[in-house]
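Chain and residue survey
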Amino acid sequence: MKGKCILPLLCLIGLFCLSGFVHPVQAAGTGGLKQIWWINVPGLTLDEVRKTDLPHLKHLMKTASVGAMNMKTGGRGTVSNSYATLGSGTRAVASGQEMFYHPDERMDEELSAGLLYTRRMGMKPAAGSVIYPGIISYIHENEASGYIVAPGILGETLRQRGFSTLVLGNLDEGTKPVRYAPLLTMDKKGVTEEGEIGRSILKSDATRPYGVKTDYGRIKARLASWTKPGLAAVELGDLYRLDRVGDKMFPAVRKEVQQITLREVDHFLGELLNMAGEEHLLVLTSTGTGVAGKEGLFPVLLHRQGEAPGLLTSTTTRRTGVVSNIDLVPTLLTWLGIDAPDEVLGQPMRSVAGSMESFWETVDRMETIYSLRPSVLYSYILLQMLVLMTGLTLILKKGRARSWMESVLLAVMLTPFLFLIISGMTAYSWWLFSGLLVLAGLGLSFLLTRVHTIPLFLCAGLLGFLPVVADGLLGGPLIQQSFLGYDPIKGARYYGIGNEYMGVVLGSSILACAAWLEKRSTDSRKLRLGVGLFFVALLIFFAAPFWGTNAGGALASAVGFSVAYLRFFQARWDRGTFFKMAGLAILGLLILVALNRWLPGQHPSHIGRALQFLEGGNLEEITHIINRKLEMNLKLIRVSSWGKVFLLSLLAMAVLSVRPAGGLRQLIDRYPQLFNGFTAILAGSLAALAFNDSGIVSAATAVIYVVMPVMILGMREWMGNPGADEADGGS
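I will try to describe carefully the structure that is included in this document. What you see is a predicted model; the values in this text were computed from it and never measured. (Residues numbered from 1 in each chain as written. Predicted model: local features only at pLDDT ≥ 70, side-chain atom pairs only at ≥ 80, totals over all residues. Heavy atoms only, no water.)

**Focus: the overall build of the protein**
Helices and strands together make up the secondary structure of the protein, namely 26 helices and 14 strands. Here the protein holds 731 residues, and the buried ones make up 57% of them. Taking the intrachain contacts of the protein between residues at least 6 apart in sequence as the baseline, contacts between residues at least 24 apart amount to 76%. (Helix = DSSP H or I, 4+ residues; strand = E, 2+ residues; numbered from the N terminus. Buried < 20%, exposed > 50% of the residue type's maximum accessible area, 1.4 Å probe, protein only. Contact = heavy atoms within 4.5 Å.)

**Side note on the pattern of salt bridges**
This structure, assessed with the given rule, holds 26 salt bridges. For Lys 228, the salt bridge is made with Glu 194, and the minimal N-O distance between the two is 3.0 Å. Of the two residues, Lys 228 is situated in the loop between helix H9 (216-225) and strand S9 (230-236) and Glu 194 in strand S6 (residues 194-196); the sequence distance between them amounts to 34 residues. Through salt bridges with shared partners, a single ionic network connects Asp 205, Arg 208, Lys 213 and Glu 264. (Salt bridge = Lys/Arg side-chain N within 4 Å of Asp/Glu carboxyl O.)

**Comments concerning unusual backbone geometry**
Leave glycine aside and you will find that most residues have negative phi; peptide bonds, for their part, are mostly trans. Positioned with a positive phi, Tyr 210 is a non-glycine residue whose angle comes to about 65 degrees. Relative to the helices and strands, Tyr 210 is located in the loop between strand S7 (202-204) and strand S8 (212-214). Overall, the relative accessible area of 34% leaves Tyr 210 in the partly exposed class.

**Observations concerning helix H16 (residues 453-473)**
Relative to the 30 Å expected for 21 residues at 1.5 Å per residue, H16 spans 30 Å between its end C-alpha atoms, a close match to the ideal helical length. The set of residues buried in H16 consists of Thr 453, Ile 454, Leu 456, Phe 457, Ala 460, Gly 461, Gly 464, Phe 465, Val 468, Val 469, Asp 471 and Gly 472. Of the residues flanking the end of H16, it is Gly 475, one or two places downstream, whose phi is positive at about 105 degrees. (Expected span 1.5 Å × (residues − 1).)

**Topic: the nonpolar core**
Ranked by size, the top nonpolar core spans 107 residues in total, and within it Met 413, Phe 419, Tyr 501, Leu 674, Met 708 and Met 711 carry the most contacts. In contact with Met 708, other than residues within four places in its own chain, are Val 387, Leu 388, Leu 409, Val 412 and Met 413. By size, the runner-up hydrophobic cluster in this structure holds 57 residues, among which are Met 69, Val 191, Trp 335 and Ile 338. (Core = buried A, V, L, I, M, F, W, Y, C linked by side-chain atoms within 4.5 Å.)

**Side note on the packing of H16 against helix H17 (residues 499-517)**
Between two packed helices, both the angle of their axes relative to each other and the distance between the axes serve to describe the pair. Where H16 contacts H17, the two axes come as close as 7 Å, and the packing angle between them is 145 degrees. Judged by the sense of rotation from one axis to the other, the crossing of H16 with H17 is left-handed. Contact residues: H16 offers Ile 454, Phe 457, Leu 458, Gly 461, Leu 462, Gly 464, Phe 465, Val 468 and Val 469, while H17 offers Tyr 501, Val 504, Val 505, Ser 508, Ser 509, Leu 511, Ala 512, Ala 515 and Trp 516. A breakdown of the residues in the contact of H16 with H17 according to their chemical character gives 14 nonpolar, four polar and no charged. (Axes fitted to C-alpha atoms, helices over the stretch in contact; angles between N-to-C directions. Left-handed = near helix turned anticlockwise from the far one by under 90°. Nonpolar A, V, L, I, M, F, W, Y, C, P; charged D, E, K, R; others polar.)

**A look at the environment of Gly 230**
Among the secondary structure elements, Gly 230 is positioned in strand S9. Residue classification places Gly 230 among the buried residues on the basis of a relative accessible area of 0%. Sequence separation between Gly 230 and Leu 33 is 197 residues; the distance between their C-alpha atoms is 9.4 Å. In this structure, Gly 230 is in contact with Lys 34, Gln 35, Ile 36, Phe 163 and Ser 164, ignoring residues within four places of it in sequence.

**A closer look at the pairing of strand S1 (residues 35-40)**
In terms of residue burial, S1 counts as a mostly covered element, since six of its six residues are buried. Where burial is concerned, the two faces of S1 agree: the one with Gln 35, Trp 37 and Ile 39 and the one with Ile 36, Trp 38 and Asn 40 are both buried. In this structure, S1 lies alongside S9, joined through six bridges in parallel fashion. In the strand pairing of S9, Ile 39 is matched with Val 234. (Pairing = 2+ DSSP bridges.)

**With respect to the packing of helix H19 (residues 551-569) against helix H25 (residues 672-691)**
Axis separation between H19 and H25 bottoms out at 8 Å; the angle between their running directions is 155 degrees. The angle between H19 and H25 places the two elements in the roughly antiparallel class. Considering only the axes of H19 and H25, their crossing is right-handed. Here H19 contributes Gly 552, Leu 555, Ala 556, Val 559, Gly 560, Val 563, Ala 564, Arg 567 and Phe 568 to the contact with H25, which in turn contributes Gln 673, Asn 676, Gly 677, Thr 679, Ala 680, Ala 683, Gly 684, Ala 687, Ala 688 and Phe 691. Across the contact of H19 with H25, the residue classes break down as 11 nonpolar, seven polar and one charged. (Parallel < 35°, antiparallel > 145°, perpendicular 65-115°, else oblique.)

**Notes on the packing of aromatic side chains**
Applying the stated criterion across every chain, the model contains 16 aromatic pairs. With 5.9 Å between their ring centres and 40 degrees between their planes, Tyr 83 and Tyr 180 make a pair best called tilted. Of this pair, Tyr 83 sits in helix H4 (residues 79-88) while Tyr 180 sits in the loop between strand S4 (164-170) and helix H8 (182-185), placing them 97 residues apart in sequence. Classification of Tyr 83 as buried rests on a relative accessible area of 0%. In this structure Tyr 180 comes out as buried when scored by relative accessible area, which is 11%. Arranged with centres 6.4 Å apart and planes meeting at 70 degrees, the rings of Tyr 380 and Trp 642 form a pair that is edge-to-face. (Phe/Tyr/Trp six-rings, centres within 6.5 Å; stacked < 30°, edge-to-face > 60°.)

**Observations concerning the environment of Ala 512**
In this structure, Ala 512 sits in helix H17. For Ala 512, a relative accessible area of 4% translates into the label buried. For the pair formed by Ala 512 and Tyr 705, sequence separation is 193 residues and the distance between their alpha carbons is 9.8 Å. The contacts of Ala 512, once residues within four sequence positions are left out, are Leu 458, Gly 461, Leu 462 and Phe 465.

Below, the structure written as structure tokens:
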């Protein structure tokens, strides 16, 4: 009885102690703010902000709060989707087929935009407003997406709180209207109170793309005369227009037009800085232009007179200098003293101390890893598939290349560890990284294959999970810059442990535990308690909102660890065993809920927010989350290379289970605990496939710690291994 109370007591003590790691963050105050001027310049890149000699922009970089912002949307990275996401505070889409107009603008010879809007909406728009006749199509389009989107939520919230909205500028391509800025200011009916987005906001200039350029003087005059409290959104479209036709221009001419345009934007910003007082917040952002090769991070600057400069961050990203596009809406509302509605997915940005040198270093590293990651991971996946097929062929044909093949199989198992420790050091050169990876992998594996089987798998397992867990406890500095880590530019994850390393930790920890238990008596109660605490500690690591923050990982590990514990220590399997396994899995779920509801801090993680939705009865949002994760998983299973690795691994295991005849039974009899561990890893892999939105990735990285060890065992046992295993009995 006494022993049975120890584990729950230790868990409660651990939960109490962990609460000290969570520090709430106070939201910024408003302090007399009257107007927000939001200037968006599609096509303005971080590289141009950094390297171009623009005095006013450089002044802004020194005096504003600066961040790098991703542009993940609810669909493709189009300009319209980017604007829709910026204005919704969640991942939204907008087809761009229908545009915004003034009510008196003509759609054709017989129909005005105002009349079309009245026909569709049953209300007559006010003169001087900006309207969206396609608002109903926009609503339907987002209803079909995987996110809950409240169209016009920023403008609608401001309107309800007595604030006004103004929108100026356009991206018109000659006579073709291209106008997305009203997506930032419209209310739920697609109306912006005031604006000027037509031909009158442009000047004719035969030397510019489409023969027009922005009339900065007119925009300045409209802002100066606008005295109402609220939000003014300005769209500067000259860089966008240049990008649309730039590939048809002589490079020197394009470069010259680009420099002229940047100087005009810079001069305009300087005039705004002179106009703005303490009652103004100047926001400068950029989006992509929809042109291939322009993906990445984009600048976001917040400037207010009297406010100290710094680097932007948010609880969405938990990364200094890095924010998400969905954070703009709650940030602006917070500045105006308004709480963000529940439909807003983002979190308010805040400014923290930091140097521009560290900011640019972070940006450079993230963009370099982003550009190299596809080729690095594809090469690793291709290598895995080649090794699987070669190893299987050698085993079945009893080839003579056993020694070097063992080293290659082990190198594949060690690669996640090497990705973790050398990616940041060599990220700027694909050749340097690849060369060091190959040399380190083969060298380390060559040394380890000299040892006996059980110590070999113990070392491989420890190298798999210990560095990842240690790094996660320290905030993930190595995971953040690993090619096998998560990608803040794509915006799927910013902190915690990603699905790749979740599978690594799950598989390698069970492998290490199985190897440690091999040849040991499982009758000891202390041993059982130690293994149980080990698994509970890893489960807490996955579930904790300040460490792993991986709900799917916590649930998958609850399944994998439950199966492992019961197979390690349960001699007979009966109905009671299955009830025990279900109980342990439920315990894992309860730990996940407890950590993310009791200890989330002032701003909960994405898991904590999902639990808040569930607690509040918001089943629609929960349904959207589940559907979105299922759709992502099915898509990755169909198209991802990780899916091919996972299926090929299962195929290899299926073949080895029958060929050579009786071979697998021989291994199971000699290494029962290892194969108990393999069963648990497979169970955890399948659970990861079910519980994670990118579960196929976790399943593929976890199953490495099954198929590669089985092949190594097969080579040592079936193909002969002089002197390698004689001492295993005493290991």
